[in-house]
Amino acid sequence: MRRTDAATLLPLLAWLSPAFPVGGYAYSHGLEQAVEDGDVMDPASLEVWLEEALALGLGRNDAILLQAAQRAVAAGDLATLREANELALAFAPTRELHLETAQQGRSFLDAVLAAWPNDALRTTASELPGEVAYPVAVGAAAAAHGIAGETAAAAYLAALTQALVSAGVRLAPVGQTAGARIVARLAPLAQRLAVEAASLTLDDLASSTFRLDLGSARHETQYTRLFRS
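Every value quoted in this text rests on a predicted model; they were computed, and no experiment measured them.

> Quick one: what's the story with the overall build of the protein chain, residue by residue and with numbers?
When its secondary structure is counted, the protein chain shows 11 helices and 0 strands. Listing each helix as α and each strand as β along the protein chain from the N terminus yields α-α-α-α-α-α-α-α-α-α-α. By the compact-globule yardstick of 17 Å for 229 residues, the protein chain fits well, its C-alpha radius of gyration being 17 Å. With the C-alpha coordinates of the protein chain rotated into their principal frame, the extents come out at 50 × 35 × 30 Å.

> Describe the side chain of His-29, with residues and values.
Along the polypeptide, His-29 turns up in the loop between α1 (6–15) and α2 (31–37). Taking the relative accessible area as the measure of exposure, His-29 reaches 11% and is therefore buried. Discounting residues that sit within four places of it in the chain, His-29 has contacts with Trp-49, Leu-58, Leu-97, Glu-100, Leu-164, Leu-212 and Ser-229.

> Any chance you could break down the nonpolar core for me, citing the residues and the numbers?
Trp-15, Leu-31, Trp-49, Leu-50, Leu-81, Phe-108 and Tyr-156 are the most contacted members of the largest nonpolar core, which has 74 residues in total. The element contributing the most residues to this core is helix α9 (residues 149–171), with 11 residues. Every residue in contact with Tyr-156, bar those within four places of it in the chain, is listed here: Leu-16, Asp-62, Leu-66, Tyr-134, Pro-135 and Val-138.

> Break down a nonpolar patch on the surface for me, citing the residues and quoting the values.
Taken together, Leu-9, Leu-10 and Leu-13 make up a surface patch of nonpolar side chains, about 320 Å² in accessible area. Secondary-structure assignment places Leu-10 in helix α1. On the basis of relative accessibility, which here comes to 55%, the residue Leu-10 falls in the exposed class.

> Can you lay out the packing of helix α4 (residues 58–74) against helix α10 (residues 176–197) for me, pointing to particular residues and giving the numbers?
Where α4 meets α10, the closest approach of the two axes is 9 Å, and the angle between their N-to-C directions is 45°. One way to sum up the angle between α4 and α10 is to call them oblique. Crossing hand, α4 versus α10: right-handed. Facing α4, whose interface residues are Gly-59, Arg-60, Ala-63, Ile-64, Gln-67 and Arg-71, α10 presents Leu-193, Ala-194 and Ala-197. Grouping the amino acids of the contact of α4 with α10 by side-chain chemistry returns 5 nonpolar, 2 polar and 2 charged.

Criteria and cut-off values
- Residues numbered from 1 in each chain as written.
- Predicted model: local features only at pLDDT ≥ 70, side-chain atom pairs only at ≥ 80, totals over all residues.
- Heavy atoms only, no water.
- Helix = DSSP H or I, 4+ residues; strand = E, 2+ residues; numbered from the N terminus.
- Rg over C-alpha atoms; globule rule 2.2 N^0.38 Å.
- Buried < 20%, exposed > 50% of the residue type's maximum accessible area, 1.4 Å probe, protein only.
- Contact = heavy atoms within 4.5 Å.
- Core = buried A, V, L, I, M, F, W, Y, C linked by side-chain atoms within 4.5 Å.
- Patch = residues over 30% accessible without salt bridge, like charges linked within 9 Å, V, L, I, M, F, W, Y side chains within 5 Å.
- Areas by Shrake-Rupley, 256 points an atom, 1.4 Å probe, with all protein chains shown as cover.
- Salt bridge = Lys/Arg side-chain N within 4 Å of Asp/Glu carboxyl O.
- Axes fitted to C-alpha atoms, helices over the stretch in contact; angles between N-to-C directions.
- Parallel < 35°, antiparallel > 145°, perpendicular 65-115°, else oblique.
- Left-handed = near helix turned anticlockwise from the far one by under 90°.
- Nonpolar A, V, L, I, M, F, W, Y, C, P; charged D, E, K, R; others polar.

In structure tokens:
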């Protein structure tokens, strides 16, 4: 049964909070290298970078993967769940981006299983004993708790936007108020991507954030850095 009231929103608020123990503060998804390269240097360039990262790569793909995992668990199709996870992990273009999604996904699933356990989630977790991509973990947990995939995807993308803006505030000359404005302006994009992904499948995964991907590879040897990606 899907829930659309506060019983849906409260778990999502907890799961996607910066305080939830997934270690999201340690990752910037290549943003640190973008600052090093001069691609991000002020609020305007940060907003452009985030908009393109969400719409052309990370955000769109994660929304597709999350909802594919949610549908698979809701239907009891655990083979498709495993396929979605394997594809999500393989789709990470660099070592650091693979670490980012796998570490957060494993931590997320373990934390939800410890604090919000139920039989559906235990069954799901047993099918994902190793590395778990972050959006797949969120989608699986959402289904196990009766949360609609589109709702979970919109919340996930909004939280992702906030996390990356927070990284940008720490890395570039961007103030907190300017960061809050960026989050507000990108919120409709997060909602749109979640809605669009509801009708897409794993065959629709694609990315054209080539400079981000190449920057992520260079970040592995960046001399001074705050983030793991």
